[in-house]
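# Descriptive analysis of the structure
Now for the letters of each chain:
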Amino acid sequence: MVAQPVQPSPVAYPAFAGAADSRPQIIRLLDMGRPDGVHLEGTSSEVSVPFSTRQDDAFVGSRISLMFSYSGAVGRDDGELSVYLNNELIGSVQLGRTRGAKSRAEFTFSPALLTTDNRLMFKFALKGQGANACKIARDRAFWVNIEPASFVYLSATRLPLADELAFLPRPFVDPKDPLALTLPFVLPPSPEPAVVQAAGMVAGYFGLIAQYKGATFPVVFNGLPAGNAVVLVEGDRYPPGVASIPGEGPRVAVITNPSQVDSKLLLIIGANAAELQTAAATLALQASSLKGGWSVARATQPPLRKPYDAPTWISTDHAVRLGDMVIPTVLNGRRIADAPQVFFRTAPDLFFGALSGGTLYLRLHRADDTWIDAGDSRIFIDLNQRVVGEVPMEPKLKVLSRLKEWLFPGNADDRVSPVILPGYQLFSANRLDFKFDLRATQGADCDTLEWSDRTGIDPDSLIDLTRVAHFAAFPNLALFANSGFPFTRLADLSDTAFVLPEAPTIDEVQAFLNLLGKIADATGLPATRYAVVSAEHVDTAADRNLIVLGLDSSQPLLRQWESYNSIRITSTAVTTAPKLNFLQRLFQPFDPRAPYYQGSAVELARASLGKPYSYMSSFWSPLDINRIVVMIGANQGAALVDLTRQMEEPDFTAKIQGDFFFSTDGKGEFYTSGRRKFVGELPIWWKIQWLAGSFGLAAFACVICAIIIFAATIQRFAAYRARRLLVRRLPNRSA
C-alpha cells in the first residue's frame, strides 16, 4: 500500500499565544506529504517542502517547531541547519557536540511571509563547505533528519464570505486546507433510507475534495452544531433559528449559521426524499452551476459508468502522460529540488501474468544548465517508498543511438529510459518519487547556480499499464479497505446497495457517510446510483453487491448471516468456522496476492470480550452467489465510527486483509479461512500459465504420484522383459 499523508492520534503540542478570537492550526510535515520527515544528506544539501493554507484565513501569529537528529559525523564538526519560508530566512541553528544528537528548535516568523501556496526549505552545510559542496560527492556519513512531527503553528482569523453558492466548496472545505476535514451533517431523527442516501451523495462530494487528507462527517439529529455544517431539510422541517428558503421543489442554499455567525450552513432542501436526492445529486455532480444565495436544483443523471472507468484510476487501455497527472511545472526547474511526487491510482485487481509489472518511460531534459555534470548526476525513482530505478542524467547510448543523434542532431531530449514498476509494488494508491542528485562541473560556482525551467522530467514521460488483465481472488477485505473494491468497479456504485438498520443511530449514519467520502476519494467521483435499504427489505437489493452496516444491537443481518463469517463472536465466546481439510487445501488455487492463514484476530477477539470492538467480514451473498457482501459491525457506536475513520490511515488499513478483520483499542488483526473464488478473465496463455502454477499442493502431489506410477510401470515392465528374455535363452526342454 502506498504511503499517503495520514492523521494519527493527537499529539500534545505546546500552546502559543494568538489573538483572542483566532483559530489555532498545527500543520505537520506529515500533513505536508512528508510521512517520513525530511532527510538531508552530505556536507551540503537542501530539501524544500511545499504546503498550502486556507484561502479564507488571515494569519495573526506564526511559528515553526523542529524536532531533529543528526549523525555523529555532524556532531564532530560544526554545521548549520537553516530554515527558509518562501525564500526568506526565518532561522538557523548551529549543530555540533554541544547541542546533542536529538534536538529541538523553534523560530517565530512574520505571518506576512505566508501565502496560499508556500514553500519551506531546509538547508544543511558544514562550515567551510558551502562554496565547493556542489562538486563534492555525497558523503553519507553526514546527515540530518527532521522528524515528521515537526510543525508550523499558525493562529488565524477566518475571513467572512458572502452567502453565495458560487464559492462552493468553500467555506465548508477548502481544497488548499492541508488538514483533514470534519463537517457535521444535520438530518431528521430516524431518517428513512432515501434521506440517508441523499446525505451520502453530499458526503461523497466533500470527501472527493478533501482527497487523501481524509474526511469525517459527524451527525446531528436535533439542533445545530457550531461551525460549518450541512443540513438536510425535508418539507418544512427547518432547524430552530433557520428561516425557510423561498421557492418550491429541490433547492440548494447557503446561509449564515445562527449558532456561530462566522460560519455557514449548506441547506439541501426538498419536499420529500426524492427531491432531496435531486438536490443532493445537483450539488455532487453540478456544483459549479449553482449561483446566488439559493438555487433550484435540476440534476440530470449522467449515463451509467462502465467497468473500471473511475476518473482517478490510471487507464489500462493506453499509456498515460505524467503531464496529465500533475501540473507540468512540478516536474521541471527549481521544483525538482522538492523531489517531485506523482500520485496515481490503479484498479485493485490488476494481474500481470508472467510480466514483471508496468513500465515508466522516462524522458529527461538538461537544457541550458551548463553547470550540471551530467555524467555524475542521476535521478532515483521510488515507487511507494522503494527504489525501482536509477537513471543517469545522460544515459550511455548504444552505437546505433549515437549514430542516430549524429545524423539527426537536436534530439537529445528524446532519449527514453524504461523503468520497470514491479507488479508486487503496485497498489490501489501509488506514489512515484523522483529524487534528483545533481552534481556541478569543476568550474561551477556553487553560490550562483541557476536552474533552467526546462531541466527536469519531460511531461511526455509515460506510465504504461496496458499489458494487464483483471483477475483476483475473493473475498478479500484488503481490496475493499484500500479502494472500496469490488463495489467501485462501477464508479457510480450502480450495482451496490447499503443495508442499514430500520432506525439508524447517529453513529451508524456517520459511519455510512464516512465510507461514501472515502469511496469518492478512491474513484474521483461522488457516487449517486447506489441504493440504501433497511435490513427488513434487503431482498429488494438481492441483485446487488451489499455493504451491511450497523451495530450488533440494531442490525439484525449481523446475526442472521453470522454463519457465513469465518469468525463468530458472542458475549462469552469466539469460535471459527471449520478450516479447509487436506483435500480442499490440496485443490485450492494458489494466489500470491492473497494473505496466508492468520489466526491473530481470534486471539485478539477472545482477549477483548466485554470491550468496545468493531469488525469487518466478507463472503458471497446468501441472496445471489455471484454477489459479494461486506459486513461492518460493532458492539458500540463509537467503535463503529472509529473503524471508518481509521481506514484513512495507511498503517491501519494495511492490516485489513483476508475475509475477517477485528479491531479494538486502535489495534487490528485479520483472519482468513482460505476459502476463495477467482473472478476475472485471463488471456488463454496466461490462463494456462496460471493453472500450471496456481495449484501448488495439488501439482506437487500429482508429480509425486506420476513419479510413483512411472517407477512402478518401469519396474513391472523390466520384470516382464526379464522373464521374456529368460524364456528365450533357456534350452528347449522338449529337445
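For the structure given in this document, a descriptive report is provided here. (Residues numbered from 1 in each chain as written. Predicted model: local features only at pLDDT ≥ 70, side-chain atom pairs only at ≥ 80, totals over all residues. Heavy atoms only, no water.)

## Concerning helix 9 (residues 600–607)
As a reminder, the rule being used: Think of it in three bands: with a 1.4 Å probe and only protein chains considered, a residue is buried below 20% of the maximum accessible area for its type, exposed above 50%, and partly exposed in between. Strands here are runs of E lasting at least two residues and helices are runs of H or I lasting at least four, both read from the DSSP assignment and numbered beginning at the N terminus. Regarding the arc, it is the one traced by the directions from the helix axis to the C-beta atoms.
For helix 9, every residue scored as buried is listed here: Ala-601, Val-602, Leu-604 and Ala-605. The buried side chains of helix 9 occupy one side of the element, clustering within an arc of 165° when seen end-on.

## Remarks on the pairing of strand 7 (residues 102–108)
Applicable threshold: What makes two strands pair is DSSP finding at least two bridges between them.
Side chains of strand 7 alternate between two faces, with Ser-103, Ala-105 and Phe-107 buried and Lys-102, Arg-104, Glu-106 and Thr-108 left unburied. In terms of strand pairing, strand 4 (residues 57–70) meets strand 7 through 7 bridges, oriented antiparallel. Along strand 7, the bridge assignment pairs Ile-64 with Phe-107.

## A short note on the nonpolar core
Condition: Among buried residues, those of type Ala, Val, Leu, Ile, Met, Phe, Trp, Tyr and Cys that are joined through side-chain atoms within 4.5 Å constitute a nonpolar core. In this analysis, two residues are considered to be in contact whenever any of their non-hydrogen atoms come within 4.5 Å of each other.
Counting residues in hydrophobic clusters, the biggest one holds 116 residues, and the most contacted among them are Phe-185, Phe-206, Ile-268 and Phe-434. Dropping the residues within four chain positions of it, Phe-434 is found in contact with Leu-322, Ala-339, Pro-340, Val-342, Leu-360, Leu-362, Ile-379, Phe-380, Ile-381 and Ile-457. With 35 residues, the next largest nonpolar core counts Met-32, Leu-85, Phe-124 and Leu-126 among its residues.

## As for the sheet that holds strand 3 (residues 44–52)
What counts, and what does not: Here the axes come from fitting lines to C-alpha atoms, over the contacting stretch only for helices, and the angles between their N-to-C directions go from 0 to 180 degrees.
With antiparallel pairing, the 4 strands of this open sheet are ordered in space as 3-8-5-6. On the outer flanks of this sheet lie strand 3 and strand 6 (88–95), each paired with one strand and no other. Within the sheet, the average angular offset between the axes of one strand and its neighbour, ignoring direction, is 15°. Bridge count between strand 5 (residues 79–85) and strand 6: 7 bridges; the pairing is antiparallel. The residue of strand 6 that forms the bridge with Tyr-84 is Leu-89.

## A few points about the pattern of salt bridges
Stated precisely, the cut-off is as follows: Salt bridges, as used here, are contacts in which a Lys or Arg side-chain nitrogen is within 4 Å of a carboxyl oxygen on Asp or Glu.
Summed over the entire model, instances satisfying the criterion amount to 23 salt bridges. In this structure, Glu-106 engages Arg-104 in a salt bridge whose closest nitrogen and oxygen atoms are separated by 3.8 Å. The partly exposed category is assigned to Glu-106, whose relative accessible area is 37%. Put simply, Arg-321 and Asp-460 hold a salt bridge, and the shortest N to O gap is 2.7 Å. Remark: Asp-460 occurs in the loop between strand 27 (456–457) and strand 28 (462–464) and Arg-321 occurs in strand 19 (residues 320–321); sequence separation between them is 139 residues. What makes Arg-321 partly exposed here is its relative accessible area of 28%. For Asp-460, a relative accessible area of 37% translates into the label partly exposed. One continuous salt-bridge network, built from bridges that share partners, spans Arg-54, Asp-56, Asp-57, Arg-158 and Asp-177.

Nothing here speaks to function; it is geometry throughout.
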